[in-house]
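A structural walkthrough
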Amino acid sequence: MKKWTALLLIVSLLCGLLSGCASDEEEVYVPTGDAIVLDGMEPDDFVVEEEEPQKVTLAYNPDRSLNPLIGYSQNNRVLFSLMYQGLFTVNSRSEAVPILCSAFQVAPSNMIYTCYVDPAATFSDGSRVTPEDVIASYQYAMENDYYSGRFRAYLAEVKLSSDGTGVTFMLNTPYENFPMLLDVPIVKAEDVESANPRGTGPYVFTTGTSGASLTRVHNWWAKVDTPVVADTINLVTAETDTQVRDEFEFGDVSLVVANPLSDSYADFRCDYELWNVDSGVFLFLGCNVLYSDYFDDGFLRTKLTYAIDRESIIRDNYNNRAQAASLCTSPSSPNYNESLASQYAFDPLKFINAIGGWHIPRDPTQPDRKMRLLVNSDDSARLRTARDIAAALTEYGLPTETLEYSSNTYEAVLLANNWDMYLGQTRLPPNMDLSEFFRNWGNLSSGGLPTDSLLKLCKETLENSGSAYDLLKLVADDGRIIPVLFGYHAVYAERGLFYNLDPTRDNAFYYSMGKTLAGIQIDTVYD
């Protein structure tokens with residue numbers, strides 16, 4: 001009987017509310033929270049469900065280095081973004097963001113930077129981060145391949161500041177945006193050569209009877225929100241791209257970073273969220289300006305850009321997973337000018353007309369001679385791209401053949417300069433500096449590319465990024481290197497698992513400390 005009475009009371013209340021809505025003159029109902037409880041139910045029965053704890057699983061390769069200063073494994077570098085921090089990081093807008101650095105100052109010459117470590121920063125064992133730890137990390141990074149390229153030309157020395165409390169970077173050229181390169185992970189000085197050095201990030205790598213995992217650092221020094229909040233992150237072993245993909249599609253792995261330019265890349269076939277993040281990987285044609293008679297007068301190389309069908313190359317060989325570029329900087333870069341780029345875009349008629357009156361080098365001893373395009377045959381996508389470029393050039397009136405060699409032989413032939421063009425691939429630093437192409441003995445200077453005029457403009461762009469337009473135009477007009485495409489990382493994540501995920505180039509789990517460059521720069525020091 002009490003149940004029926006309660007139901008009748010509810011119905012009458014609803015009718016009253018509906019009738020009240022029909023009249024504008026009647027008082028508007030305001031809920032007070034005094035709910036009617038049906039017979040047999042107590043207020044305590046109405047409980048708000050607790051949010052499920054975040055469950056995260058990541059893949060890693062135990063056979064590859066877990067040292068962030070030397071490790072190349074993409075899977076392991078995903079872990080590094082949770083285990084380590086740099087003085088700065090770089091956000092998705094290509095801006096340096098302070099992390100371990102609490103203050104910095106720059107000499108008027110822009111050739112001396114002094115950074116001060118946040119006094120609250122500690123390693124996972126609770127010990128304080130010191131300037132000596134920063135110096136040791138940079139010195140070791142400068143000696144190893146992963147980071148050395150960005151520093152080789154212009155970083156002269158890293159040392160203790162004159163007051164003994166900071167780290168001073170001595171440069172041999174003015175550098176406007178040098179903090180962009182200071183995202184090198186900081187490890188404890190005595191750990192720089194360790195297989196698993198201590199870091200300052202929110203997680204630490206551990207192993208036990210149940211396997212490997214990342215464990216949340218108790219009382220982590222940085223009181224900021226991160227995309228991952230789980231107490232423990234389970235790790236599963238995955239040594240190949242196929243294993244990683246299978247663990248994500250059919251297993252428990254929550255996030256993976258894939259390289260669409262790799263031979264083993266394949267689209268994922270499950271529900272996911274996807275971010276395409278600029279990787280800095282640059283595919284280009286290099287001309288042998290010193291040893292090839294195809295380029296001795298400088299004419300042909302300035303026209304080759306019009307013969308490169310970049311969109312077709314990306315569609316046919318990279319499954320539309322790359323960015324076409326007719327300028328030598330990533331289309332994701334703030335310096336990429338679409339109007340300028342259009343002046344050097346694919347235009348086969350322009351190429352055909354340009355070389356119509358050009359004298360193709362002939363050799364009586366080689367009546368069927370063709371221009372030689374060198375390529376590393378171990379990379380099947382790059383090999384297909386080289387063949388497509390050679391076929392197109394031949395069709396447009398410039399007979400071309402490919403020289404296809406596996407890695408060791410390819411490198412030897414490249415150094416011997418026994419080729420006319422080569423299809424190369426490199427990873428540019430975050431600031432897209434091209435100096436290694438144009439400085440003497442630069443890592444990318446094969447074929448006699450070095451030239452004082454372009455190197456000078458590279459340095460001017462480092463000093464003032466406003467010179468980037470002039471540099472990119474001069475490089476395109478000169479034609480020593482012809483851009484083809486830039487790659488990106490494909491970041492796949494379980495849908496809805498990570499709040500506010502914003503992956504960046506070398507930081508899958510990017511987060512900030514709420515600081516800005518302008519906010520931590522202190523009074524200029526005079527040199």
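Bear in mind the structure is a predicted one, so any value in this text is a computation, not a measurement.

Attention shifts here to the overall build of the chain. Along the chain, the regular secondary structure elements total 14 helices and 17 strands. In the chain, which comprises 527 residues, the share counted as buried stands at 51%. When contacts within the chain are restricted to residue pairs at least 6 apart in sequence, long-range pairs at least 24 apart make up 71% of them. Accessible surface for the chain amounts to roughly 25400 Å². Of this, 49% is attributable to carbon and sulfur atoms.

Tallying each qualifying case throughout the model produces 26 aromatic pairs. Centroid distance phenylalanine 80 to tyrosine 84: 5.9 Å. Interplanar angle 75°. Geometry classified as edge-to-face. Of the two residues examined, phenylalanine 80 and tyrosine 84, each falls in the buried class. Measuring from centroid to centroid gives 6.0 Å for phenylalanine 88 and phenylalanine 104, while their planes differ by 85°, and the two rings are edge-to-face. Residue phenylalanine 88 is located in strand 2 (residues 88-90), and its partner phenylalanine 104 is located in strand 4 (residues 101-106); the two are separated by 16 residues in the primary sequence. Each member of the pair, phenylalanine 88 together with phenylalanine 104, is buried. Taking the ring centre of tyrosine 146 as reference, the NZ or CZ of arginine 77 above it sits at 3.9 Å.

Inspection of the entire model under this criterion finds 19 salt bridges. A salt bridge links arginine 382 to aspartate 379, with the shortest nitrogen-to-oxygen separation between them at 3.4 Å. Residue classification places arginine 382 among the buried positions, given a relative accessible area of 10%. Take aspartate 379: its relative accessible area is 12%, and that puts it in the buried class. One connected set of salt bridges, linked through shared partners, spans Asp125, Glu190, Asp191 and Arg198.

Turning to the sheet that holds strand 1 (residues 56-60), a few remarks are in order. With mixed pairing, the four strands of this open sheet are ordered in space as 1-10-9-8. The open sheet is flanked by strand 1 and strand 8 (203-208), the only strands paired with a single partner. The average undirected angle you get between the axes of adjacent strands in this sheet is 30°. Across three bridges, the pairing between strand 9 (residues 211-216) and strand 10 (residues 232-237) is antiparallel. Bridge assignment links leucine 214 to a residue of strand 10, and that residue is isoleucine 233. Helix-sheet contacts for helix 2 (residues 74-83) involve strand 1, strand 8, strand 9 and strand 10, and the interaxial angle to strand 1 is about 130°.

To continue, consider the side chain of threonine 226. Position of threonine 226 among the secondary structure elements: in the loop between strand 9 and strand 10. A polar contact of 3.5 Å, which involves the side chain of threonine 226, links it to the side chain of arginine 216. In this structure the side chain of threonine 226 is engaged in a polar contact, spanning 2.6 Å, whose partner is the backbone oxygen of valine 228.

Turning our attention to the sheet that holds strand 5 (residues 112-117). The strand order across the open sheet formed by four strands is 4-5-7-6, and the pairing between neighbours is antiparallel. Only two strands of the sheet have a single partner each, and these edge strands are strand 4 and strand 6 (155-160). Strand-to-strand, the axes of this sheet are offset by a mean angle of 20°, without reference to chain direction. Taken together, the five bridges between strand 4 and strand 5 define a ladder with antiparallel strand orientation. Of the residues in strand 5, the one forming a bridge with glutamine 105 is threonine 114. Lying over the sheet, helix 3 (residues 131-142) contacts strand 5, strand 6 and strand 7 (167-171), oriented at roughly 155° with respect to strand 6.

Taken together, the buried positions of helix 5 (residues 241-250) are occupied by Val244, Arg245, Phe248 and Glu249. In an axial view of helix 5, the angular spread of the buried residues amounts to 125°, which keeps them on one side of the axis. Of the surrounding elements, those touching the buried residues of helix 5 are strand 1, helix 2, strand 11 (255-258) and strand 17 (481-493).

In the contact formed by helix 12 (residues 452-463) and helix 13 (residues 468-478), the axes pass within 9 Å of each other and the chain directions differ by 155°. Of the possible angle classes, the one that applies to helix 12 and helix 13 is roughly antiparallel. Once helix 12 is placed against helix 13, the crossing between them reads as left-handed. Between helix 12 and helix 13, the contacting residues are Leu454, Leu457, Cys458 and Thr461 on the first element and Ala468, Asp470, Leu471, Leu474, Val475 and Asp478 on the second. A breakdown of the residues in the contact of helix 12 with helix 13 according to their chemical character gives seven nonpolar, one polar and two charged.

As a further point, take the nonpolar core. The biggest cluster of nonpolar side chains holds 145 residues, and the ones touching the most others in it are Phe169, Leu255 and Leu398. Each residue touching leucine 255, except ones within four places of it in the same chain, is listed here: Thr57, Leu58, Val78, Phe248, Val491, Tyr492, Ala493, Phe498, Leu501, Ala508 and Phe509. Counting eleven residues, the second largest nonpolar core, distinct from the first, contains Phe248, Val253, Ala258 and Tyr265.

Moving on, we get to the state of the cysteines. All chains considered together, the criterion is met by zero disulfides. The thiol of cysteine 328 is not disulfide-bonded; the next cysteine sulfur, from cysteine 458, is found 9.8 Å away. The exposure class assigned to cysteine 328 is buried, which follows from its relative accessible area of 3%. The exposure class of cysteine 458 is buried, given its relative accessible area of 1%.

Reading the values: rules and limits
Residues numbered from 1 in each chain as written. Predicted model: local features only at pLDDT ≥ 70, side-chain atom pairs only at ≥ 80, totals over all residues. Heavy atoms only, no water. Helix = DSSP H or I, 4+ residues; strand = E, 2+ residues; numbered from the N terminus. Buried < 20%, exposed > 50% of the residue type's maximum accessible area, 1.4 Å probe, protein only. Contact = heavy atoms within 4.5 Å. Areas by Shrake-Rupley, 256 points an atom, 1.4 Å probe, with all protein chains shown as cover. Phe/Tyr/Trp six-rings, centres within 6.5 Å; stacked < 30°, edge-to-face > 60°. Lys NZ or Arg CZ within 6 Å of the ring centre and 35° of its normal. Salt bridge = Lys/Arg side-chain N within 4 Å of Asp/Glu carboxyl O. Pairing = 2+ DSSP bridges. Axes fitted to C-alpha atoms, helices over the stretch in contact; angles between N-to-C directions. Polar contact = N/O pair within 3.5 Å; in protein donor to acceptor, adjacent residues only side chain to side chain. Arc of directions from axis to C-beta. Parallel < 35°, antiparallel > 145°, perpendicular 65-115°, else oblique. Left-handed = near helix turned anticlockwise from the far one by under 90°. Nonpolar A, V, L, I, M, F, W, Y, C, P; charged D, E, K, R; others polar. Core = buried A, V, L, I, M, F, W, Y, C linked by side-chain atoms within 4.5 Å. Disulfide = S-S within 2.5 Å.

Geometric descriptors of this kind do not, in isolation, establish any biological role.
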